[in-house]
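# Commentary on secondary and tertiary structure
Spelled out, the chains give:
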Amino acid sequence: NAYPLGSLTKKQPTVLVICGPDQNGSIGLVCARHLRMFEYEPTIYHPKRSSHSLHQDFTVQCEKMDIPFLSYLPTEVQLINDAYNLVIDAMMGPEADCANIKEPYSGILVTLKQIKIPIASVDVPSGWDVEERSQDGINPKVLISLTAPKKCATSFTGKHFLAGRFLPYDIQKKYELNLPDFPGTDCLVEL
């Protein structure tokens, strides 16, 4: 919704999806599949693949959809800026220990902080703590919170979406969540 095909500035609707090894990485793989179904041209950079069967299944699905995987991420930022319309950050997520980011993810963060094209982060921007924004993290233009916004989202100033309308009512009540109504059958709402 934030970047419809017609709004992209490059001739090809290219999107770079950066996936981490944990749950956020799996979500990135699913995101790449959906992008392909909606006529975008995703490319996945997935430096450390998980051994979890679900993660492996999503990887196979992407491969069968002819979504290319990069073997390395260019450190020359201009190559990324020239090749892609935007980056999907599905690298770290809420389970990440932002005080102890190891390679290759610390190097990827350095690169992402320098790019000029928009970044859309899934759930928690890479380098941010789930509780608060970090000056060491990236600065995405779009945040897509999953299920419910995390505490760090209160300091986010870009376009913010909530994805997933599947949180059971008893959980919403238990944690006193006041989630917005989703229009029609949409699974995404702008906050």
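Residues numbered from 1 in each chain as written. Predicted model: local features only at pLDDT ≥ 70, side-chain atom pairs only at ≥ 80, totals over all residues. Heavy atoms only, no water.

As recorded in an unreviewed UniProt entry, the chain goes by ApoA-I-binding protein 2 and comes from Astatotilapia calliptera.

### Focus: the nonpolar core
If you look at the biggest cluster of nonpolar residues, it comprises 21 residues, and the most contacted ones within it are Val15, Val17, Ile44 and Ile88. Counting only elements with at least two residues in this core, the list comes to strand E1 (14–19), helix H1 (23–37), helix H2 (53–64), strand E4 (86–90), strand E5 (119–122), strand E6 (142–146) and strand E7 (159–163). Apart from residues no more than four positions distant in its own chain, valine 15 is found in contact with Leu35, Tyr40, Glu41, Pro42, Thr43, Tyr84, Leu86 and Ile88. Within the second largest apolar cluster, 18 residues are counted, among which are Tyr45, Met92, Leu112 and Ile138. (Core = buried A, V, L, I, M, F, W, Y, C linked by side-chain atoms within 4.5 Å. Buried < 20%, exposed > 50% of the residue type's maximum accessible area, 1.4 Å probe, protein only. Helix = DSSP H or I, 4+ residues; strand = E, 2+ residues; numbered from the N terminus. Contact = heavy atoms within 4.5 Å.)

### Some words on the sheet that holds strand E2 (residues 41–45)
Taken in spatial order, the eight strands of this open sheet run E3-E2-E1-E4-E5-E6-E7-E8, and their pairing is mixed. If you trace the sheet from one side to the other, it starts and ends with strand E3 (69–70) and strand E8 (188–190), each paired once. As defined by bridge partners, E2 adjoins E3 across two bridges and the pair is classed as parallel. Within the sheet, the bridge partner assigned to isoleucine 44 lies in E3 and is phenylalanine 69. Strands E1, E2, E4 and E5 of the sheet are contacted by helix H4 (residues 105–114), whose axis makes an angle of about 145° with E1. (Pairing = 2+ DSSP bridges. Axes fitted to C-alpha atoms, helices over the stretch in contact; angles between N-to-C directions.)

### Overview of the packing of H1 against H2
With their axes 9 Å apart at the nearest point, H1 and H2 run at an angle of 25° to one another. By the criterion of interaxial angle, the relationship of H1 to H2 is roughly parallel. Of the two elements, H1 crosses H2, and the hand of that crossing is left-handed. Residues Gly25, Ser26, Leu29, Val30, Ala32 and Arg33 of H1 pack against His55, Phe58, Thr59, Gln61 and Cys62 of H2. Looking at side-chain class alone, the contact of H1 with H2 contains five nonpolar, five polar and one charged residues. (Parallel < 35°, antiparallel > 145°, perpendicular 65-115°, else oblique. Left-handed = near helix turned anticlockwise from the far one by under 90°. Nonpolar A, V, L, I, M, F, W, Y, C, P; charged D, E, K, R; others polar.)

### Details of a nonpolar patch on the surface
Judged by side-chain polarity, Ile171, Tyr175 and Leu177 come together as a nonpolar surface patch covering roughly 260 Å² of accessible area. Here tyrosine 175 lies in the loop between helix H5 (169–174) and E8. (Patch = residues over 30% accessible without salt bridge, like charges linked within 9 Å, V, L, I, M, F, W, Y side chains within 5 Å. Areas by Shrake-Rupley, 256 points an atom, 1.4 Å probe, with all protein chains shown as cover. Salt bridge = Lys/Arg side-chain N within 4 Å of Asp/Glu carboxyl O.)

### Here we look at the packing of aromatic side chains
Tallied over the full model, the rule gives one aromatic pair. Looking at arginine 49, its charged tip hangs above the ring of phenylalanine 69, at a distance of 4.5 Å from the centre. (Phe/Tyr/Trp six-rings, centres within 6.5 Å; stacked < 30°, edge-to-face > 60°. Lys NZ or Arg CZ within 6 Å of the ring centre and 35° of its normal.)

### Re the environment of arginine 165
By the secondary structure assignment, arginine 165 is in the loop between E7 and H5. Sequence separation between arginine 165 and leucine 188 is 23 residues, and the spatial gap between their C-alpha atoms is 7.8 Å. Arginine 165 has contacts with Phe182, Pro183, Gly184, Thr185, Asp186 and Cys187, leaving out every residue within four places of it along the chain.

### Details of the UniProt feature "domain: YjeF N-terminal" (unreviewed entry) in the chain
Using the residue numbers shown here, the UniProt feature "domain: YjeF N-terminal" (unreviewed entry) corresponds to residues 1–179. For the annotated span residues 1–179, helix accounts for 28% and strand for 18% of the residues, and the straight-line distance between the end C-alpha atoms is 19 Å. (UniProt positions renumbered as here; feature names shortened; annotations may be inferred.)

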